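As a plain string of letters, each chain reads:
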Amino acid sequence: MSRLFRALALVLLAASCGGASGTAPRQLDNACSIVKERPEYVRAFKAAERRWGVPVHVQMATIYQESKFISNARTPFRYAAGVIPIGRQSSAYGYSQALDGTWKEYVQDTGSRTARRDRIRDATDFMGWYMAETQERLGIPVSDTRNQYLAYHEGRSGFARGSYRNKAWLVRVAGEVDARSNMYAAQLQRCRVRGL
């Protein structure tokens, strides 16, 4: 009997390690589908909204742009001479693509010592913390998806300096994030998902 128990425990352990880890939901253009497929996302988004005031649709649009909802997303490698990998473009990682230094600041400020960037609840809490701080320091409302995204991408200092103004591609992307946020907001109003 103990052999059977050990074998069953091993199978369960192996199954819990695999599965959908790192994969995105199937229909990324449908907010209702995303939250129905991943109920843990609803809990995470709502917790961040309650704690930091950042609307669910703003969080979702930003995560879509940063990682396409892939939990272990990383920036691409850089190559020397076109073939020799010399490291990643940045330390950005996880759902929120938080940089090492910014993540460390979040952990220190919130006391979230066990937080991980590849866990949706921690990533949304980080995003809420960052956007709430941006609202406090720069006066950008947490509901202003476009400018919150620009400050998120460029950092608060870069946004304050207007570094995004010389990056037409980034201004275009911020507009796309804002449009997706509006689309998600409209979709979420129509869907019947428990907890929303």
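Details of the structure are given in the entry above.
Residues numbered from 1 in each chain as written. Predicted model: local features only at pLDDT ≥ 70, side-chain atom pairs only at ≥ 80, totals over all residues. Heavy atoms only, no water.

1. A closer look at the layout of surface pockets
- Roughly 430 Å³ of internal volume is contained in the largest pocket.
- Around the largest pocket, the lining is made up of 19 residues, and of these Glu66, Gln97, Leu99, Tyr152 and His153 lie nearest the centre.
- Contributions of two or more residues to the lining of the largest pocket are made by α4 (56-67), α5 (100-110), α6 (120-138) and α7 (145-161).
- For the lining of the largest pocket, the leading source of residues is α7, giving 6 residues.
- Grouping the constituent residues of the lining of the largest pocket by class yields 7 nonpolar, 8 polar and 4 charged. (1 Å grid on protein atoms, 1.4 Å probe; cavity = no way out; pocket = protein on both sides within 12 Å on 5 of 7 lines; lining within 4 Å. Points joined across faces, edges and corners; volume = space filled by probe spheres on them. Helix = DSSP H or I, 4+ residues; strand = E, 2+ residues; numbered from the N terminus. Nonpolar A, V, L, I, M, F, W, Y, C, P; charged D, E, K, R; others polar.)

2. Topic: the state of the cysteines
- As enumerated under the stated definition, the model contains 1 disulfide in all.
- Residue cysteine 32 pairs covalently with cysteine 191 via a disulfide, S to S 2.5 Å. In this structure the cystine formed by cysteine 32 and cysteine 191 twists about its S-S bond by roughly -90°; its chirality is therefore left-handed. Placement of the pair is cysteine 32 in helix α2 (residues 31-37) and cysteine 191 in the segment after α8 (168-190), with a sequence separation of 159 residues. Cysteine 191 shares its class with cysteine 32; the two are buried. (Disulfide = S-S within 2.5 Å. Buried < 20%, exposed > 50% of the residue type's maximum accessible area, 1.4 Å probe, protein only.)

3. Let's talk about the packing of α5 against α6
- α6 packs onto α5 with a crossing angle of 85° between their chain directions and a minimal axis gap of 11 Å. In terms of axis orientation, α5 runs roughly perpendicular to α6. The residues of α6 that touch α5, namely those facing Thr102, Trp103, Glu105, Tyr106, Asp109 and Thr110, are Asp122, Asp125, Phe126, Trp129, Tyr130 and Arg137.
- Here the contact of α5 with α6 is composed, by residue class, of 5 nonpolar, 2 polar and 5 charged. (Axes fitted to C-alpha atoms, helices over the stretch in contact; angles between N-to-C directions. Parallel < 35°, antiparallel > 145°, perpendicular 65-115°, else oblique. Contact = heavy atoms within 4.5 Å.)

4. Some points on unusual backbone geometry
- Even without glycine at this site, lysine 68 takes up a positive phi of about 55°.
- Inspection of the secondary structure puts lysine 68 in the loop between α4 and β1 (77-80).
- Here lysine 68 falls in the partly exposed class, since its relative accessible area comes to 33%.
- Within the chain, glutamine 97 stands out as a residue other than glycine whose phi angle is a positive 55°.
- In this structure, glutamine 97 sits in the loop between β2 (84-88) and α5.

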